[in-house]
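Chain by chain, the residues:
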Amino acid sequence: MSQLLHADSGQGPGTAVSASASASASRRPEAHHEGPDLRQALNAALDRALTEDPRTLVLGEDVGRLGGVFRVTAGLQERHGHHRVFDTPLAESGIMGLCVGLAMQGWRPIPELQFDGFAYPAVDQIVNQLARMRYRSRGAFPMPVTLRLPSFGGIQAPEHHGESLESLFAHVPGLNVVAPSTPAEAYTLLLQSVRCDDPVIFLEPKARYWDREQIQLPPPDSTQELDAAPLGTSRVARPGRHATLVCWGSMVRTCLEVAELAAEDGVDLEVLDLRWLKPLDTAGLAASVARTGRAVVVHEAPLTAGLGAEVSARLMERCFGELRAPVQRVSGFDVPYPAGPLEHQYLPTLDRILLAVQHTLEF
Amino acid sequence: MSSPPRDQDRNASSTTDATPPTHPVDLTGTDVSPEVLRALYRDMVYARHLDDEAVALQRQGVFPAYVPLRGQEAAQVGSAAAMDRTSDFAFPTYREMAVAVTLGVDMVGYMASHRALWHGGLYDPSRSRLAPINAVVGGPVPHAVGWALGAQLDGTPGCALAYFGDGASSEGDVHEAMNMAAVFQAPVVFLCQNNQWALSVPNRDQVAGGSIAARAAGYGMPGHEVDGNDVLAVYTTTRAALARARSGGGPSLIEARTYRLGPHSTSDDTRRYRSEDTERQWARADPIERLYTAMLAAGTVPGDDSFAAEVREQAQEAAASMRAGVRVAPPPSGEEMFTHVFSEPTDELLRQQRAWREEVELG
């Protein structure tokens, strides 16, 4: 099937792949210099959540006076008061335990844990308590808690600041997991998460915090209905015919870049932004693969037992007959997240993804 | 406030347990009414009988396991009796059956946890003012702080009572919770039952510095060490701490020094780590006898033993009723495995539920 990838290039496969990589920097989808960035979209969603529901609370380390280390909560304490938006001591497990108790009192907490790697100290409270309290109490204590977690890599941050925890949390019964990819998506998905009566682990792609989009964000007191697909629905970020790139969070932009490059070679890639990693949109995945017959899952997390394995298994179970090639996985490596200069060798590169596309097309 | 330094010789051959307090409860000048004293007595006797019945049910194979509280009745009944049952809320771990008795929790529902019908029990936690039974030591302590903070934010008079033991005092969550409670000045009382044994590990290998109450000073809150086998002392100390919390005075820590007369659980063998002689000495510090002797002397109860006989008879009835109830309690429906995971079941969960149902129907 290599002619699909190289139909218009007239070059051998290897040449095409390396050529595309060198061109990657200049061929990103058009950058928007106007409109809110992803952080501002999240801020607007929090502002609206705090405005529309007096039971919502924003809490965490440095979220109050400072407005969060990424300024996602900037200005919220001034607008909504110290009782609704407040700093907590530096204690991740304590913060999540606090949220369980607040939820038992009928509050709707939106905690922030400052960085992905610092969710680990809170795993006991998240897994053993937050995820189970509704179950344990047979519905007496719902846990409408949205944990905001700046996640994934790509900003040359220190150790423990570039982790991808989606498969860890997706494995836990009782938790929902979501990762937005754009400002508009971030706005909608965060409001949807806050309104959900169950815990949501909201993984923010920190490398995309500064991505802008030409959208108009509704004012905080907007009563306009949220234009959102049901919880657990994926979205086709780019329709295509030849293969599906399955991705989420920061990898969506990367996959769109790959699709643009592949298009130059006449390969029409569909980019499926999963959005929700739990519940997983099996129907959406199957529908996309029914159209393309091929799938490449792309994630930053290490390969082994990553969410790509689950996606691959679901596709095999649901549409084995429609698959024209084995599902490919492109991921980080099974190594601790590396330091700065190695980061972009660890993260799925355009080359690595294109190679996987080539493999699936040539199968 | 704090105890004298304990024996720090880690090579000491004896277990160096504190000297058992065997003197009667001092009723001199107490403002606690005879009715309350008799109620404290009654709840302790009820708990003793229910506890013995539960051990018997385990021996007879009805309960897979049980965690006896024998010896700790005063610490539990005295503290729980101080609660305002219209506004306060208690957070137990797994040995707080006498707290449940005091709060009037349905005992069949409570024992459902030990009967292995439902983790957390089958009582109504909201109405009972008792959170579901929690098997993570220290885990519910930050919940109590969150609940108390929630009450504070609501401007309601509710206080939280957080139960934990000397073993849990080593858990990070307990420290995080105490620090947070003090930072927020949350209306919470930390009630540590120091029963001297964290399963097989004695205080001297568990509690650095020898006093849990002394740690309160580090959080800037009052710490009270109290004779945990003196139900009146526990009651008045907890009552004062709750009153302080209710009036905006912030959190307190109470260390009720007691002794676990029985094994950690019905699977435990105390002979492997402590002497029978020490257990016998502590049996003489029986909190029920210590109160009864004092009530007899003060004329709170008639001298003819009729009150004790009447309470004993009622307690036996309560134990028999619990036994009858748990024996006929129906096993949980498999449907319930799926019911309480989320507010709305996901498609995937429904699919798994259908598969389970088909398997059962075929089976």
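Note: the structure precedes this text.
All residue numbers here refer to positions counted from 1 along the written sequence of the relevant chain. Both sets of labels track the order of writing: A upward for chains, 1 upward for ligands. pLDDT decides what is reported in this predicted model: residues at 70 or higher carry local features, side-chain atom pairs at 80 or more are listed and counted, and totals for whole chains, interfaces and linings draw on all residues regardless.

1. Notes on the overall build of chain A
Operational definition: Helix and strand labels come from DSSP, where a helix needs a run of H or I of at least four residues and a strand needs a run of E of at least two; each type is numbered from the N terminus. Three classes are used. A residue is buried when 20 or more other C-beta atoms lie within 10 Å of its own, exposed when 12 or fewer do, and partly exposed in between, with C-beta atoms placed from the backbone.
If you tally the helices and strands in chain A, you get 14 helices and 12 strands. Considering only C-alpha atoms, chain A reaches an extent of 65 × 45 × 40 Å along its principal axes. Across the 363 residues in chain A, those meeting the buried criterion constitute 56%.

2. A few points about the overall build of chain B
Spelled out, the test is: It is over C-alpha atoms that the radius of gyration is taken, and the globule rule equals 2.2 Å times the number of residues to the power 0.38. Working definition of a contact: two residues with C-beta atoms, positioned from the backbone, lying within 7 Å.
Counting its secondary structure elements, chain B contains 13 helices and seven strands. Taken over the C-alpha trace, chain B has a radius of gyration of 21 Å; the compact-globule value for 363 residues is 21 Å, and the two agree within 12%. Nonlocal contacts in chain B, meaning residues at least 24 apart in sequence, comprise 78% of its contacts between residues at least 6 apart.

3. Overview of the environment of E163 of chain A
Residue and element names in this part refer to chain A. Note on placement: E163 falls in the loop between strand 4 (146-151) and helix 8 (166-170). Separated by 33 residues in the primary sequence, E163 and L130 have C-alpha atoms spaced 21 Å apart. Contact partners of E163, with chain neighbours within four places excluded, come to D116, G117 and Y337.

4. Regarding the interface of chain B and chain A
Keep this limit in mind: Residues are grouped as follows: Ala, Val, Leu, Ile, Met, Phe, Trp, Tyr, Cys and Pro are nonpolar; Asp, Glu, Lys and Arg are charged; all remaining types, including Gly, are polar.
Counting from both sides, the interface comprises 32 residues of chain B and, opposite them, 35 residues of chain A. Only helix 5 (125-128), helix 6 (141-154), helix 7 (172-184) and helix 13 (347-362) of chain B provide two or more residues apiece to the side of chain B that touches chain A. Of all the elements, helix 6 of chain B adds the most residues to the side of chain B that touches chain A, at 10 residues. Grouping the constituent residues of the side of chain B that touches chain A by class yields 15 nonpolar, 12 polar and five charged.

5. Brief notes about unusual backbone geometry
Of the consecutive residues K278 of chain A and P279 of chain A, the connecting peptide bond is found in the cis state with omega at -5 degrees. Checked against the element boundaries, P279 of chain A lands in the loop between strand 10 (276-278) and helix 11 (282-292). One non-glycine residue with positive phi stands out, namely R275 of chain A, at about 60 degrees. A count of 25 C-beta atoms within 10 Å places R275 of chain A in the buried class. In this structure, D305 of chain B is a non-glycine residue whose phi angle is positive, near 70 degrees.

6. Focus on the packing of helix 2 (residues 73-81) of chain B against helix 8 (residues 231-246) of chain B
Residue and element names in this part refer to chain B. For clarity, the cut-off: Between N-to-C directions, angles cover 0 to 180 degrees, with each direction set by a line fitted to C-alpha atoms, over the stretch in contact for helices. Should the near helix be turned anticlockwise from the far one by less than a right angle, the crossing is left-handed, and should it be turned clockwise, the crossing is right-handed.
The interhelical angle for the contact between helix 2 and helix 8, taken along N-to-C directions, is 35 degrees, at an axis separation of 7 Å. Between helix 2 and helix 8 lies a crossing whose hand is right-handed. Every residue of helix 8 that contacts helix 2 at A74, A75, V77, G78, S79 and A81 is listed here: V231, V234, Y235 and T238. Class assignment of the residues belonging to the contact of helix 2 with helix 8 gives a composition of seven nonpolar, three polar and no charged.

7. Focus on the sheet that holds strand 7 (residues 235-238) of chain A
Residue and element names in this part refer to chain A. As a reminder of what qualifies: Criterion used throughout: strands pair if DSSP finds at least two bridges between them.
Pairing in this open sheet of five strands is mixed, and the strands run 7-9-8-11-12 from one edge to the other. On the outer flanks of this sheet lie strand 7 and strand 12 (328-332), each paired with one strand and no other. Shown here is a sheet whose adjacent strand axes are inclined to one another by a mean of 25 degrees, direction ignored. Examined bridge by bridge, strand 8 (residues 243-247) and strand 11 (residues 295-302) share three bridges and lie parallel to one another.

8. A closer look at helix 3 (residues 38-52) of chain A
Worth spelling out the cut-off: Given a helix with a known number of residues, its expected span is that number minus one, times 1.5 Å.
With 15 residues, helix 3 of chain A extends 21 Å from end C-alpha to end C-alpha; this agrees with the ideal 21 Å at 1.5 Å per step. Buried residues dominate helix 3 of chain A, accounting for 13 of its 15 residues.

9. Observations regarding helix 6 of chain B
Compared with an ideal rise of 1.5 Å per residue, which puts 14 residues at 20 Å, helix 6 of chain B spans 20 Å between its outermost C-alpha atoms and is within 8% of the ideal. Along helix 6 of chain B, 12 of the 14 residues are buried, which leaves the element largely enclosed by surrounding structure. On its buried face, helix 6 of chain B sits against helix 5 (92-104) and helix 6 (123-130) of chain A together with strand 1 (89-91), strand 2 (160-165), helix 7 and strand 3 (188-194) of chain B. Just downstream of helix 6 of chain B lies G155 of chain B, where phi reads positive at about 75 degrees.

10. Thoughts on the sheet that holds strand 2 of chain B
All names here are of chain B. Spatial ordering of the open sheet is given by 1-2-3-7-6, a layout of five strands whose pairing is parallel. Edge positions in the sheet fall to strand 1 and strand 6 (223-227), since each has one partner strand and no second. Across the sheet, the mean angle separating the axes of adjacent strands is 20 degrees when strand polarity is ignored. Two strands pair when backbone bridges link them, and strand 3 and strand 7 (residues 252-257) are joined in this way by six bridges, in the parallel orientation. If you follow C192 over to strand 7, its bridge partner there is E255. Against the sheet, helix 8 contacts strand 3, strand 6 and strand 7, and its axis sits at roughly 170 degrees relative to strand 7.

11. Notes on the pairing of strand 12 of chain A
Which entries qualify depends on this criterion: Looking down the strands as they point away from the viewer, one classifies a crossover as right-handed if the path from the first strand across the helix to the second runs clockwise.
Taken across its five residues, strand 12 of chain A has five buried, putting it largely inside the fold. Chirality of the crossover, the property in question, places the unit of strand 11 of chain A, helix 12 (residues 307-319) of chain A and strand 12 of chain A among those that are right-handed.

12. A word on the packing of helix 5 of chain A against helix 6 of chain B
Here is the rule we go by: Just so you know how the angles are binned, under 35 degrees is roughly parallel, over 145 roughly antiparallel, 65 to 115 roughly perpendicular, and the rest oblique.
Where helix 5 of chain A contacts helix 6 of chain B, the axes come no closer than 6 Å and their chain directions differ by 50 degrees. Taken together, the axis directions place helix 5 of chain A and helix 6 of chain B in an arrangement best described as oblique. For the pair helix 5 of chain A and helix 6 of chain B, the sense of crossing is right-handed. From helix 5 of chain A, G94, G97, L98, C99, V100, G101, L102 and M104 of chain A reach across to helix 6 of chain B, where they touch P142, H143, A144, V145, G146, W147, L149 and G150 of chain B. Partitioned by chemical class, the residues of the contact of helix 5 of chain A with helix 6 of chain B number 10 nonpolar, six polar and no charged.

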